[in-house]
Amino acid sequence: MTLLMLLFWLIVGGTLQAAVPAWRHMGQPAFPFLLGVVLYVAVNKKARYFVAVALLAGLVEDSLSLAPLGCSACAFLVAGGLALLLRADFFADKASTAMWFGALCASASTGTMALLLKMKGLVGLSGGEIFWRMAGSAVLGAVLVPLLFGMIRGMERVLGIWEDRA
């Protein structure tokens, strides 16, 4: 049941990722719907779920964008790995903690993606533009990730599949 629920949220996140346009301000960062799902799994589920969800979310995001396949998966693995490392030190059910996770990991994901695309010669962003986009992603992550955490956690409780992280 956990796998079906995660697949549902990946489909919802991918749909929202494609339907909601990028934020015009602060470098046009995309809303981190799929990243929020990946971070939830990294913080609240076992590591084996995290890797599978990060790879699937990366495949979905790259399929819906102009980025080469694999770039978003790498960015999600970096951001989720950061959350996985920090999850033991924080109580993830608090909204303020989810805000910090969202801001930090969205910024790390955007920076990783920009670095990968710049190394491949696919974007011509300057360092200042990349920093501005990372700041915009941090703002969006701080707002969106706590909302996603609450919705996913609520669905788990309704379905009776809430489990303590292991």
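Just so it is clear, the model here is predicted, and its values are computed rather than measured.

Draft legend 1. Expanded view of the overall build of the protein. A tally of regular secondary structure across the protein gives six helices and zero strands. Beginning at the N terminus, the succession of helices and strands in the protein can be written as α-α-α-α-α-α. A compact globule built from 166 residues should have a C-alpha radius of gyration of about 15 Å, and the protein, at 15 Å, falls within 12% of that. Judged by the C-alpha coordinates and their principal axes, the protein covers about 50 × 30 × 25 Å. A burial count over the protein gives 46% of its 166 residues as buried. Across the protein, the fraction of contacts at a sequence separation of at least 24, relative to all contacts at a separation of at least 6, is 70%. Carbon and sulfur atoms make up 71% of the accessible area of the protein, which amounts to about 8300 Å² in all. Treating the 12 positive side-chain charges of the protein as one cloud and the 8 negative ones as another, the clouds have centres 1 Å apart.

Draft legend 2. Highlighting the nonpolar core. In terms of nonpolar packing, the biggest core is built from 29 residues, with Val38, Leu39, Val53, Phe76, Ala83 and Phe149 touching the most fellow members. At the level of elements, α1 (2-19), α2 (33-44), α3 (47-63), α4 (71-86), α5 (95-119) and α6 (127-159) are the ones that each hand at least two residues to this core. Per-element tally for this core: the top contributor is α2, with nine residues.

Draft legend 3. The pattern of salt bridges, seen in detail. A complete count under the given rule lists one salt bridge for this structure. A salt bridge links Lys45 to Glu156; the nearest nitrogen and oxygen atoms lie 2.4 Å apart. Separated by 111 residues along the polypeptide, Lys45 in the loop between α2 and α3 and Glu156 in helix α6 bring together distant segments of the chain.

Conventions we followed
- Residues numbered from 1 in each chain as written.
- Predicted model: local features only at pLDDT ≥ 70, side-chain atom pairs only at ≥ 80, totals over all residues.
- Heavy atoms only, no water.
- Helix = DSSP H or I, 4+ residues; strand = E, 2+ residues; numbered from the N terminus.
- Rg over C-alpha atoms; globule rule 2.2 N^0.38 Å.
- Buried < 20%, exposed > 50% of the residue type's maximum accessible area, 1.4 Å probe, protein only.
- Contact = heavy atoms within 4.5 Å.
- Areas by Shrake-Rupley, 256 points an atom, 1.4 Å probe, with all protein chains shown as cover.
- Lys, Arg positive; Asp, Glu negative; His and termini not counted.
- Charge placed at Lys NZ, Arg CZ, Asp CG, Glu CD.
- Core = buried A, V, L, I, M, F, W, Y, C linked by side-chain atoms within 4.5 Å.
- Salt bridge = Lys/Arg side-chain N within 4 Å of Asp/Glu carboxyl O.

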